[in-house]
Amino acid sequence: MATMRAVRIHEYGGPEVLRYEKVPRPRRNRGELLVRVRACGVNPVDWKVRAGMTRSWLALELPLTLGWDLAGTVEDVGCDANGFAEGDEVFAYTGVRNPGVYSEYAALDADIAARKPTSLDHAHAAAVPLAGLTAWQALFDHAGLQEGQTVLIHAAAGGVGHFAVQLARWKGARVIGTGSAHNEGFVRAIGADQFVDYPNQRFEDVARDVDAVFDTVGGETRERSWGVLKRGGFLVSICGRPTDEEAAAHGVRAKGFLVKPDARELYDLAALIDDGYVRVEVSSAYPLAEAGRAHAESETGHVRGKIALMV
Ligand SMILES: NC(=O)c1ccc[n+]([C@@H]2O[C@H](COP(=O)([O-])OP(=O)(O)OC[C@H]3O[C@@H](n4cnc5c(N)ncnc54)[C@H](OP(=O)(O)O)[C@@H]3O)[C@@H](O)[C@H]2O)c1
């Protein structure tokens, strides 16, 4: 049987439970691509799954390969996997309910893959799908952000936040972003009109009557965010699910959601990247075998942009 290297867990725990080991190479089915993975994106959900923090809502069997963002080269194309040929360079978010991709090869549904942006190397391309799709779906599919509106984006320097700032700016919205002081230059350079140094300044003192809030933090940050929205405004959250009752009590609308794979939106993101509207920040890259170091860095909660794993 053909084998490959992958990073798996056999039990939940700290970064030490990650095992770089030999596993069977996946076989592609009809409608699937076999991709030679060149790089994986690291997202907070990777270490939350590893630590067992997602077990209440995500049933996954052990042993388990982590990671759901990849960029790589198509090695084999199943029948019905239309639109792709051997040698194509692709990127994808594969969905947390599907097998992980911290591995040398991955079999994935051709319907969720898109051609990699031509201006990006694999490390930068692998950093896009989950975080980029989350930002797109939050601002456009859920909050319906429009040109001329004002949006408050929490954690504007983070993986999701740095895409959200640039997408909102591209749409023609006014952007207020929060972050620590050392990230102010970065957040303004990618398009924020105003910056809130959240450890030292209350965002409520800067953001008032905004059309939308993108909550990427949850907890107290979300609680305090209701009051900065204008009547009828929209709070979209990726950290828990605000209820309709809470939203109604504040005279606004709200939605919490889980990002979905979407090839059409990936093609739109790729076009914006290749046209220079969206830049991808990768602050560090590690070899796949050192996924534990990448997780430890992500768990600090203070990564600028993204972390990549090189396969
Ligand atoms: N529901 C979904 O579908 C979905 C999808 C993607 C992500 N998520 C979740 O959304 C969260 C953000 O994801 P991510 O990938 O963007 O994470 P990330 O890249 O790890 O976020 C890091 C950033 O968060 C900032 N930050 C930390 N605490 C903050 C606070 N109190 N206020 C403002 N900024 C703060 C840091 O800024 P400074 O260093 O400047 O302080 C840092 O730049 C995670 O909990 C993740 O699991 C959910």
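Everything quoted here is computed from the prediction, not taken from an experiment.

Basis of the calculations
Residues numbered from 1 in each chain as written. Predicted model: local features only at pLDDT ≥ 70, side-chain atom pairs only at ≥ 80, totals over all residues. Near = placed C-beta within 6 Å. Helix = DSSP H or I, 4+ residues; strand = E, 2+ residues; numbered from the N terminus. Domains from an automatic or database assignment. Core = buried A, V, L, I, M, F, W, Y, C linked by C-beta atoms within 7 Å. Buried ≥ 20, exposed ≤ 12 C-beta atoms within 10 Å, placed from the backbone. Expected span 1.5 Å × (residues − 1). Arc of directions from axis to C-beta. Contact = placed C-beta atoms within 7 Å. Nonpolar A, V, L, I, M, F, W, Y, C, P; charged D, E, K, R; others polar.

(A) Spatial organisation of the site of the ligand. In the region of the ligand, 29 residues are neighbours, and Ala 155, Gly 158, Gly 159, Ser 180 and His 302 sit closest. Those elements that place two or more of their residues in the shell around the ligand are α1 (44-50), α3 (129-142), α4 (159-171) and β10 (174-179). Among the elements that make up the shell around the ligand, the one with the highest residue count is α4 (three residues). Each of domain 1 (3-128 + 280-310) and domain 2 (131-256) gives at least three residues to the shell around the ligand.

(B) Spatial organisation of the nonpolar core. By size, the foremost hydrophobic cluster in this structure holds 102 residues, and its most contacted members are Cys 40, Ala 164 and Ala 308. Looking at which domains feed residues into this core, each of domain 1 (3-128 + 280-310) and domain 2 (131-256) gives three or more.

(C) Examining unusual backbone geometry more closely. The omega torsion of the bond from Leu 62 to Pro 63 falls at -10°, within 30 degrees of zero and hence cis. Within the secondary structure, Pro 63 sits in the loop between α1 and β4 (64-65). The phi torsion at Asp 80 lies on the positive side, around 75°, for a residue other than glycine.

(D) A look at helix α8 (residues 263-274). The end-to-end C-alpha distance of α8 is 16 Å, a good match for the 16 Å that twelve residues give at a rise of 1.5 Å each. Buried within α8 we find Ala 263, Leu 266, Leu 269, Ala 270 and Ile 273. Seen along its axis, α8 keeps its buried residues to an arc of 110°; they face one direction. In α8, the exposed positions that point more than 90 degrees away from the buried face belong to Arg 264 and Ala 271. On its buried face, α8 is in contact with β6 (89-93), β8 (114-115) and α3. One or two steps after α8, the chain reaches Gly 276, where phi turns positive at roughly 85°.

(E) View of the domain arrangement of the protein chain. Under the domain assignment, the protein chain is made up of domain 1 (3-128 + 280-310) and domain 2 (131-256). Averaged C-alpha coordinates put domain 1 and domain 2 at centres separated by 28 Å. In terms of residue class, the side of domain 1 that touches domain 2 is built from three nonpolar, two polar and three charged.

(F) Structural view of the environment of Glu 281. With respect to the helices and strands, the residue Glu 281 is situated in the loop between α8 and β15 (282-287). Exposure remark for Glu 281: the 18 C-beta atoms within 10 Å place this residue in the partly exposed category. For the pair formed by Glu 281 and Gly 41, sequence separation is 240 residues and the distance between their alpha carbons is 12 Å. Not counting residues up to four positions away in its chain, the partners in contact with Glu 281 are His 162, Arg 304, Gly 305 and Lys 306.

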